[in-house]
Amino acid sequence: VCSSDLNWALLGTGDNNAAPEIERALKRWRDPELLVQKAALLLRAGQYHPAREVLEEAIQKEPANGDAIRLLMQSYNAEKRPDLAIARLRKHAITHPQSSVVQYMLGECLQQASRTGEARQAFLAAWETDRKYTPAALALVGLDLADQKVDAARATVGAVLQQNPKDSRALRSEEHTS
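Residues numbered from 1 in each chain as written. Predicted model: local features only at pLDDT ≥ 70, side-chain atom pairs only at ≥ 80, totals over all residues. Heavy atoms only, no water.

**Student:** So what's going on with the overall build of the protein? Which residues, and what values?
**Tutor:** In terms of helices and strands, the protein carries 11 helices and zero strands. When its helices and strands are written in sequence order, the protein yields α-α-α-α-α-α-α-α-α-α-α. Counting the 178 residues in the protein, one finds 43% classified as buried. Here the contacts in the protein between residues at least 6 apart in sequence split such that 47% fall between residues at least 24 apart. (Helix = DSSP H or I, 4+ residues; strand = E, 2+ residues; numbered from the N terminus. Buried < 20%, exposed > 50% of the residue type's maximum accessible area, 1.4 Å probe, protein only. Contact = heavy atoms within 4.5 Å.)

**Student:** Account for the nonpolar core, with residues named and values stated.
**Tutor:** Nonpolar side chains tend to gather and get buried jointly when the protein is soluble and globular. Counting residues in hydrophobic clusters, the biggest one holds 51 residues, and the most contacted among them are L55, L89, Y104, M105 and F123. Looking at which element gives the most residues to this core, the answer is helix α3 (residues 32-44), with eight residues. In this view, L55 contacts V36, A39, A68, L71 and L72; residues no more than four positions away in its chain are not counted. (Core = buried A, V, L, I, M, F, W, Y, C linked by side-chain atoms within 4.5 Å.)

**Student:** Help me get a handle on the packing of helix α8 (residues 116-129) against helix α9 (residues 134-146), residues and values and all.
**Tutor:** Closest axis-to-axis distance for the α8/α9 pair is 8 Å, and the angle between their directions is 150°. As the angle between them shows, α8 and α9 are arranged roughly antiparallel. In the crossing of α8 with α9, the sense of the turn from one axis to the other is left-handed. In this structure, α8 contributes T116, A119, R120, F123, L124, A126 and W127 to the contact, and α9 contributes A136, A137, A139, L140, L143 and D144. Across the contact of α8 with α9, the residue classes tally to 10 nonpolar, one polar and two charged. (Axes fitted to C-alpha atoms, helices over the stretch in contact; angles between N-to-C directions. Parallel < 35°, antiparallel > 145°, perpendicular 65-115°, else oblique. Left-handed = near helix turned anticlockwise from the far one by under 90°. Nonpolar A, V, L, I, M, F, W, Y, C, P; charged D, E, K, R; others polar.)

**Student:** Give me the packing of aromatic side chains: which residues, what numbers.
**Tutor:** In the structure shown here, the tally under the stated rule is two aromatic pairs. Look at Y104 and F123: their rings are 5.4 Å apart centre to centre, the planes differ by 40°, and that puts the pair in the tilted class. Linking Y104 in helix α7 (residues 100-112) with F123 in helix α8, this pair joins segments that are 19 residues apart in sequence. For Y104, a relative accessible area of 12% puts it in the buried group. Arranged with centres 5.7 Å apart and planes meeting at 75°, the rings of Y104 and Y133 form a pair that is edge-to-face. With a gap of 29 residues between them, Y104 in helix α7 and Y133 in the loop between α8 and α9 connect regions that are remote in the sequence. The buried category is assigned to Y133, whose relative accessible area is 17%. Three or more aromatic residues joined by ring pairs form one cluster here, namely Y104, F123 and Y133. Over the aromatic face of Y76 sits the side chain of R52, whose NZ or CZ is 4.3 Å from the ring centroid. (Phe/Tyr/Trp six-rings, centres within 6.5 Å; stacked < 30°, edge-to-face > 60°. Lys NZ or Arg CZ within 6 Å of the ring centre and 35° of its normal.)

Right under this line is the structure:
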C-alpha cells in the first residue's frame, strides 16, 4: 500500500497517526495530495484558516484538484460562510473556464447554497467544456428531475449513454427518467 493511500485510510477512520508521515513527506515535497491530507487534519482540528492556506497552495499547484476545492468549500461552510466559498470558487472558475472539474465544483457549491439556477449554469459550463465529464451531466439530470423536466433529463442521460453505454451512474439515472 502506498503511504498516501495509507494516510487516506487512517484519515478516513479518524486516526491522526498519519500526521507525522504527512509532515515528513511535505518537508521533502509539497505534493498537492499531501497538502490536501494535511488540510484534512487541520479541518478536523477546527483550524479553518490554516487549512485554507494549505488548500490554496494545493490548488495553486493543481487547479483542478477536486479534493482540495471540496475541502476549501467545507472550510468556509464549517464557519457558516457559504458566500465566501461561492465567491472564492467563482473567482477560481473565472480563471479556469476550461476546467470541467472547477466549473462542476462551483455548481456543487451553488447547489448546496440552494442557488439552483446558478448551479445549473455552472454544471452546464462543465459539461459543455467536456462532454465526457459525466458528473456534470448527471448533476443536470438531477436538477431537471427536481424541476419535473423529465424529457430534458432523459435527453441528457441519453447523451451520456451514447458516449458510454456502460456508465453505471447514467444507467441508474436512466431508471429515474422512465
